[in-house]
Amino acid sequence: MNELMLPERQQRIRDRLSVDGRVIAASLAAEFGVSEDTIRRDLRDMAAAGLCERVYGGALPVANCLTSLAQRSAQDKPRKQRLARTLLSSMQARSVVFLDAGSTNLALAELIPEAFELTIITNAAAIALALAEKPSVETILIGGKFDRMVGGAVGAEAVEQLRHFTPDLCVIGTCGFSRSGILSVYGHEDAAFKRAAVSQAKETAVAVTTEKIGVSAPFQIAEPGRYHRLIVEEGLDADSLFAARQHGCQIQFART
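Cut-off values and rules
- Residues numbered from 1 in each chain as written.
- Predicted model: local features only at pLDDT ≥ 70, side-chain atom pairs only at ≥ 80, totals over all residues.
- Heavy atoms only, no water.
- Pairing = 2+ DSSP bridges.
- Helix = DSSP H or I, 4+ residues; strand = E, 2+ residues; numbered from the N terminus.
- Contact = heavy atoms within 4.5 Å.
- Axes fitted to C-alpha atoms, helices over the stretch in contact; angles between N-to-C directions.
- Phe/Tyr/Trp six-rings, centres within 6.5 Å; stacked < 30°, edge-to-face > 60°.
- Buried < 20%, exposed > 50% of the residue type's maximum accessible area, 1.4 Å probe, protein only.

*Asks:* I'd like to hear about the sheet that holds strand β11 (residues 183-185), residue by residue, with values.
*Replies:* Sheet architecture is open: three strands sit in the order β10-β11-β13, paired in antiparallel fashion. Of all the strands in the sheet, just β10 (176-177) and β13 (219-222) have a single pairing partner and so form its edges. Here two bridges tie β10 to β11, and the two strands are oriented antiparallel to one another. Bridge pairing in β11 places G176 opposite S184. Those strands touched by helix α9 (residues 188-200) are β11 and β13, and its axis lies near 10° from that of β13.

*Asks:* Break down the packing of aromatic side chains for me, citing the residues and quoting the values.
*Replies:* By the definition in use, this model includes two aromatic pairs. On the basis of an interplanar angle of 65° and a centroid distance of 6.5 Å, the ring pair of F177 and Y227 is categorised as edge-to-face. Linking F177 in strand β10 with Y227 in the loop between β13 and β14 (229-232), this pair joins segments that are 50 residues apart in sequence. Note on accessibility: F177 and Y227 belong to one class, buried.

*Asks:* Run through the environment of V198, naming residues and quoting values.
*Replies:* Of note, V198 is situated in helix α9. Distance from V198 to V55, taken between C-alpha atoms, is 29 Å for residues 143 residues apart in sequence. Each residue touching V198, except ones within four places of it in the same chain, is listed here: C170, I172, T204, I221 and R226.

Coordinates in, geometry out; function isn't part of it.
Dropping the structure here:
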């Protein structure tokens, strides 16, 4: 094939990051007919411009948690639906589930069948609205200070309301999943609320899109051992999940 010009090549890389959630330098070099050094320079320049996050052997998209829930929900929807379907497949009828504000959790709420008997507790108005026409789902909406970026109630009042519930399952959202398996977010109050949700639940699950792997946001939610199930996309290397596995976390790969 004819060698792509620099802007074309970097646009192709951005497109691939959006679709696949990661790129491998060696694969891109073979595909574009250039050296790995050329691809590494591309990735270095793109990272400096804030267009990707460099990792060993390739790159990941930049974390998108600093956008609103509405914006996040419109991005990469098929990938989030695959994660949501995998979460749904392991949920038990007539259980009590806390759904944290998050775009993958919103996708999960939309996928819950109308006849599936559940009690859903959530701090996200969008999730409550998605459940409103599902007659077998009882929905409890936690209120308090509403964070537009989080897309849900956070703060002391919301945390206090959480203390009245002991859900069978807490499905938590996260902005980062570090190499040591720590979940983290960008907001202090959001992190405090999520920590409270994890502490109240009998079991905690988290679904993580590939671009969040290796990301460490400023405020910690939970260390390995505090969450029990991790749902990820296919193709992740084993090293990325080692810390979670080491602490007994069940790893599930998203169904296609």
